[in-house]
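Geometric and topological summary
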Amino acid sequence: MASDSLLRAAGTSGERPSQPPRNAVVEIVIPVRNEERDLGPSVRRLHAYLRDRFLFTARITIADNGSNDGTWAVASALEAEFGSVRAVRIEQPGRGGALRSVWLASDADIYAYMDVDLSTDLNALLPLLAPLVSGHSDVAIGTRLARGARVVRGPRREIISRCYNLLLHATLGTRFSDAQCGFKAIRADQARALLPLTSDSGWFFDTELLVLAERAGLRIHEVPVDWIDDSDSRVRVLRTALADLRGIVRLGTALARGTLAVPVLRGSSPPGATAAGPASRVLLISQILRFAVIGVASTAAYILLYLLLRDVLPAQPANAVSLLITAVANTAANRRFTFGIRGRAHAARHQVLGLIAFGITLALTSGALDVLHAVAPHASRATEVAALVLANLIATIVRFGLYRGWVFRGQPRPRERNSQ
């Protein structure tokens, strides 16, 4: 069995090979772009840990994707210095593309990756890989959002991370707790089946692969990690968030339409999988159309209220009050007309959950105002309204996913009522 061969390879990492080990048990990829300062210290630290404390043969692969500073020179020097380190040059920028390229060409039994800043404590590496070596699990992820994790980072990134994972739960029915932690591993046999189905080359690649793994019925093992935020992180939070939202829409649409066929790799009923037959698609299209009509009316009311309140209030309070009023009305209208739920049963609960969805909308629109006023401090009312309309459009897509997958999840649908 594959797990037996993995276990027989344990305990050999103390020998320093003269060439990068072939058929390594674990290939640890560090994707980098313009990281000439951090790359050397991080790889030396990781190499020392693997040499002194790791139980399996391992290879470190530096995947330089599109660097235009001295990163490639540092990577090449590290390859020459250490026998268990290799450097791969990929011209196209993108973490996802770099990981897919290296993993598809790898001869290792387990593929792993970690961020170059080593924000995650390396003591979590063995707990991450052990379930894959034993064959108990297929995928393993570090999580900063589960009990037992110890995380040091600012409130802004904490809120964004929690909202993003909540959105995944609501829209794609995911069960894993943290999609974005840069500390993951997957068995090679399962990866080879799923990697050709992925298409994202950027930061959404992690989420895409995890969603496909869950839909394929794979076991995902979670390890609470100690994690310290890198204050010099190169991640552009707003740009990455927008790219992730586009990825969610693309992936969710492909799964709903059935254009992305995910094989069942373990078990007979993959978690999160739902029927995507003609009746389900007709119902989804009907819900989208009703939601869109209500959304247009709500947006018009929201803009009108904002313009009225803007004469007596600053931009942010006017935005918050306008959103709150229209959010309550929007939830009630969608409850009745989009999802066909009548009566007072669970109405209060639906409004509470709707207000949480409103909070995400408020964060997006407030962020849009902050960015606008930072770029153009004296922006006109018309420019403010244009920025809010764009942010509200993105928020509307997010809110539909939250309504359908979370707020009104499990409630009878109009078609189901008529058939009883």
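Please read all numbers here as calculations on a predicted model, not as lab measurements.

**Describing the pairing of strand β7 (residues 183-187)**
For β7, the tally of buried residues reaches five of five residues, placing the bulk of the element in the interior. Residues Phe183, Ala185 and Arg187 line one face of β7 and the alternating positions Lys184 and Ile186 line the opposite face, and both faces are buried. Relative to β7, strand β4 (residues 110-114) is paired through five bridges, and the arrangement is antiparallel. From the neighbouring strand, Met114 faces β7, where its bridge partner is Phe183. Two strands pair when backbone bridges link them, and strand β5 (residues 139-143) and β7 are joined in this way by three bridges, in the antiparallel orientation. Looking at the pairing, Val139 lines up with Ile186 of β7.

**Notes on the confidence of the model for the protein chain**
Within the protein chain, residue pLDDT values average 82, and 86% of them lie at 70 or more. In the predicted structure, residues 268-277 sits below a pLDDT of 50 and forms 18 contacts with residues beyond four places in sequence or in another chain. Within the model, pLDDT remains below 50 along residues 412-420, and this stretch shows 18 contacts once partners closer than five positions in the same chain are excluded.

**As for helix α4 (residues 95-104)**
Note that an α-helix has 3.6 residues per turn; residues three or four places apart therefore point the same way. Taking burial as the measure, the 10 residues of α4 include seven buried ones, the bulk of the element. Regarding α4, the residues found buried are Arg95, Gly96, Ala98, Leu99, Arg100, Val102 and Trp103. At its buried positions, α4 is contacted by β1 (26-32), β2 (58-65), β3 (85-90), β4, β7 and α8 (205-215).

**A few points about the side chain of Ser137**
Within the fold, Ser137 resides in the loop between α5 (125-134) and β5. In this structure Ser137 comes out as buried when scored by relative accessible area, which is 2%. Separated by 2.9 Å, the side chains of Ser137 and His136 make a polar contact.

**Concerning the packing of aromatic side chains**
Under the defined criterion, the tally for this structure stands at three aromatic pairs. Between the aromatic rings of Phe54 and Phe56, the centroid separation amounts to 5.6 Å while the plane-to-plane angle is 85 degrees, which identifies the pairing as edge-to-face. On the accessibility criterion, Phe54 (5% relative accessible area) is buried. Among the residues examined, Phe56 registers a relative accessible area of 6% and is labelled buried. Note on Trp103 and Phe205: the rings are 6.3 Å apart at their centroids and 50 degrees apart in plane angle, and the pair reads as tilted. Of this pair, Trp103 sits in helix α4 while Phe205 sits in helix α8; the two residues are 102 residues apart in sequence, bridging distant segments of the chain. Here Trp103 falls in the buried class, since its relative accessible area comes to 3%.

What counts as what
- Residues numbered from 1 in each chain as written.
- Predicted model: local features only at pLDDT ≥ 70, side-chain atom pairs only at ≥ 80, totals over all residues.
- Heavy atoms only, no water.
- Buried < 20%, exposed > 50% of the residue type's maximum accessible area, 1.4 Å probe, protein only.
- Helix = DSSP H or I, 4+ residues; strand = E, 2+ residues; numbered from the N terminus.
- Pairing = 2+ DSSP bridges.
- pLDDT = per-residue confidence, 0-100.
- Contact = heavy atoms within 4.5 Å.
- Polar contact = N/O pair within 3.5 Å; in protein donor to acceptor, adjacent residues only side chain to side chain.
- Phe/Tyr/Trp six-rings, centres within 6.5 Å; stacked < 30°, edge-to-face > 60°.

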